[in-house]
Number of protein chains: 2
Amino acid sequence: MEFLSLYSDEYFMQEAYRQAQYAFEEGEIPIGAVVVSNNRIIAKAYNQTEKLQDVTAHAEMLALTAAAEYLGNKYLHDCTMYVTVEPCIMCAGASYWAQLKRVVFGAPEPKRGYRRVGNLLHPKTEMVSGVLAQECAELMASFFASKRN
Amino acid sequence: MEFLSLYSDEYFMQEAYRQAQYAFEEGEIPIGAVVVSNNRIIAKAYNQTEKLQDVTAHAEMLALTAAAEYLGNKYLHDCTMYVTVEPCIMCAGASYWAQLKRVVFGAPEPKRGYRRVGNLLHPKTEMVSGVLAQECAELMASFFASKRN
């Protein structure tokens, strides 16, 4: 990827992408997330459902828990969560409860993404999609291609 | 409550209710859950969102994680989850991923329950509602009444 200006959505998505790469290297579906507060990354996580054998261990869930732990507050009103792929229903539901300021995701997920059942995010949460979408989607495609071979 | 026959839905819901009572005593919204496999309770949990300051720490999420840990398997195909109140969207989403055999809940939750957006459970998951519904609802009502006073 090219140089990305600091504090842009692309910059932070690149950090989420790096997390997704760690997931890939560990044989996990490659999805990564970071939570940003006041232009600082306060939590990073990647999908660990296989390693932990826990369906709740999605990147977003781990990142939200870590961000709340860092802030000492379950509400993340001032935070933006960057995630490489459109969140699933579980993760959108968690984002609702956390009342995030923004949710920014990369690749759409028509089959498993939350948008197929409507807008599940909190009314106060702004949603942005398509940031580094191609890179995020290609990482997913590479992963599933490698699993088929 | 009266005596309940062993292995009935009411029996296991009473165990979930007991978990909800622990939540109540700790100042948490009183929701409890247990996961049952082969007529044995393999996980118990109650809502701990306040104590942990973590929106993901719903009774169901903690119980699903504990059950998967116990079984060493993220899929809970042979398990029934009993929860005192209709699950929220996040928890229904987690139940979907876990592919539970059954989800049994007590009191309906028209405002925050998952059913307002459709059936979010896995197609293989049987859903039963209304088990000890009155007791479970009264515990919730008592809690919110105590918070208002």
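Attention here is on the structure that accompanies the text. (Residues numbered from 1 in each chain as written. Chains lettered and ligands numbered in written order. Predicted model: local features only at pLDDT ≥ 70, side-chain atom pairs only at ≥ 80, totals over all residues. Heavy atoms only, no water.)

Describing the relation of the copies chain A and chain B
Two copies of a chain can be linked by a rotation about an axis combined with a shift along that same axis.
Move 1: For the pair chain A and chain B, the superposition axis carries a translation of 0.0 Å, the fit reaches an RMSD of 0.0 Å, and the rotation angle comes to 180°. The two molecules are tied by a two-fold rotation axis, judged by turn and shift. Identified as the residue of chain A closest to the rotation axis by C-alpha distance is M90(A), at 2.0 Å.
Move 2: Of the interface residues in chain A, 100% have counterparts in chain B that sit at the interface too, so the contact is made through matching surfaces. (Least-squares fit on C-alpha atoms with pLDDT ≥ 70 in both. Contact = heavy atoms within 4.5 Å.)

Let's talk about the interface of chain A and chain B
Move 1: With 24 residues of chain A at the interface, the matching set in chain B holds 24 residues.
Move 2: Overall, the association of chain A and chain B removes approximately 2,200 Å² of surface from exposure, summing both partners, and the carbon and sulfur fraction of that is 65%.
Move 3: Contact with chain B buries area across many residues of chain A, yet V55(A), K74(A) and W97(A) alone supply 30% of it, more than any other trio.
Move 4: The partner of K74(A) in a salt bridge is E50(B), with the nearest N and O atoms 2.5 Å apart.
Move 5: Taken together, the links from chain A to chain B amount to ten residue pairs in polar contact (both at pLDDT 80 or more). (Buried area = accessible area lost by both parts, 1.4 Å probe. Salt bridge = Lys/Arg side-chain N within 4 Å of Asp/Glu carboxyl O. Polar contact = N/O pair within 3.5 Å; in protein donor to acceptor, adjacent residues only side chain to side chain.)

Section: helix 4 (residues 89-98) of chain A
Move 1: Burial within helix 4 of chain A is extensive, with nine of its ten residues counted as buried.
Move 2: Buried within helix 4 of chain A are the following residues: I89(A), M90(A), C91(A), A92(A), G93(A), A94(A), S95(A), Y96(A) and A98(A).
Move 3: At its buried positions, helix 4 of chain A is contacted by helix 3 (59-71), strand 3 (79-85) and strand 4 (102-107) of chain A together with helix 3 (59-71) and helix 4 (89-98) of chain B.
Move 4: A positive phi of about 55° marks Q99(A), the residue just after helix 4 of chain A. (Buried < 20%, exposed > 50% of the residue type's maximum accessible area, 1.4 Å probe, protein only. Helix = DSSP H or I, 4+ residues; strand = E, 2+ residues; numbered from the N terminus.)

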